[in-house]
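A structural walkthrough
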Amino acid sequence: MDTVRVALIEDHDLTRMGLRTALQHQEGMEFLGEAANGMRGLHLIQTTRPDVAIVDVGLPDIDGIELTRRIRQSQAEAEGEDSHKTKVLILTMHDSEEVVLAAFGAGADSYCTKGVSTEDLVNAVKETASGHSWIDPTIANIVLREVRQPAGVGAGNGETATVEIHAVAPEYKQLIETYPLTSRELEILELIAAGCSNADISEKLYITVGTVKTHVRSILNKLCVNDRTQAAVRALRSGLIR
């Protein structure tokens, strides 16, 4: 994808202005427009059809989670007539489990907290446009727990789980089969998914931190991801680790 077309739905004026300025000055991005509430945001997305919509959760009319549901519903109704699908990147101050899982359950593709740097936000937009989920490291453990949770198990209350985490795409399964991980790499991937740092892995496996870094780079390359969180999520989804 040569140019990523972006729309912004954010009600806070200063935040919206800052994000607009940051996005407008990024090479390879086209800023299509902005909206200060959910209904205008939905109209903006339907008329401009961006590659990525950055959506704030705390909108004044309908919240960002409901807006995401309506975006997905609108796209489902138009399926067959228009193959274009806008990806949704949630941007919010909230990192509670309830909000995070509700966002993904509504159909969000990626999730950033507002403390994210401009560089990471731009990377998140590009990754999302490319079809990869970008998950803020501050909420990664919530998503990893949900991916690990057996089907049909609720969040500790016996209820059926309502959040759907989509399986890894067939092309990635094929990629994993073509470039299989070594036993040592699988061992390290398990520890990454458990939240271990490079230093922790080094201590547990009795290898140097430099060796750990070499293995981690190899793992990221083989799984076609940019960071450890994405590697863990992709490995869990594809059944490489449990």
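Parameters and conventions
- Residues numbered from 1 in each chain as written.
- Predicted model: local features only at pLDDT ≥ 70, side-chain atom pairs only at ≥ 80, totals over all residues.
- Heavy atoms only, no water.
- Helix = DSSP H or I, 4+ residues; strand = E, 2+ residues; numbered from the N terminus.
- Contact = heavy atoms within 4.5 Å.
- Axes fitted to C-alpha atoms, helices over the stretch in contact; angles between N-to-C directions.
- Parallel < 35°, antiparallel > 145°, perpendicular 65-115°, else oblique.
- Left-handed = near helix turned anticlockwise from the far one by under 90°.
- Nonpolar A, V, L, I, M, F, W, Y, C, P; charged D, E, K, R; others polar.
- Expected span 1.5 Å × (residues − 1).
- Pairing = 2+ DSSP bridges.
- Buried < 20%, exposed > 50% of the residue type's maximum accessible area, 1.4 Å probe, protein only.
- Arc of directions from axis to C-beta.

Looking at the side chain of glutamine 75
Mapped onto the secondary structure, glutamine 75 falls in helix H3 (residues 64-77). When near neighbours in sequence (up to four residues on either side) are disregarded, glutamine 75 contacts Lys85 and Thr86.

Observations regarding the packing of helix H9 (residues 198-205) against helix H10 (residues 209-223)
H10 packs onto H9 with a crossing angle of 110 degrees between their chain directions and a minimal axis gap of 9 Å. The angle between the axes of H9 and H10 places the two elements in the roughly perpendicular class. Handedness of the crossing formed by H9 with H10: right-handed. In this structure, H9 contributes Asn198, Ala199, Ile201 and Ser202 to the contact, and H10 contributes Val209, Val212, Lys213 and Val216. Taken together, the residues of the contact of H9 with H10 break down into five nonpolar, two polar and one charged.

Re helix H1 (residues 13-24)
Under the 1.5 Å per step criterion, the end-to-end length of H1 is 16 Å for 12 residues, consistent within 8% with the ideal 16 Å. Buried residues belonging to H1 abut strand E1 (4-9), strand E2 (29-35), strand E3 (52-56), strand E4 (87-92) and helix H5 (118-129).

Some words on the sheet that holds E4
Taken together, five strands build an open sheet; the order of strands is E2-E1-E3-E4-E5 and the sheet is parallel. Looking along the sheet, the strands with just one partner apiece sit at the ends: E2 and strand E5 (110-113). Shown here is a sheet whose adjacent strand axes are inclined to one another by a mean of 20 degrees, direction ignored. Here E1 pairs with E3 via four bridges, running parallel. Considered in E3, the bridge of isoleucine 9 is made with valine 55. Against the sheet, H1 touches E1, E2, E3 and E4, its axis set at about 160 degrees to E2.

Focus: H10
With 15 residues, H10 should reach 21 Å at 1.5 Å per residue; the first-to-last C-alpha distance of 21 Å fits that figure. All buried positions along H10 are accounted for by Val212, Val216, Ile219, Leu220, Lys222 and Leu223. Along H10, the residues classed as buried sweep out an arc of 165 degrees about the axis, all on the same side. One or two residues past the end of H10 sits cysteine 224, with phi positive at roughly 55 degrees.

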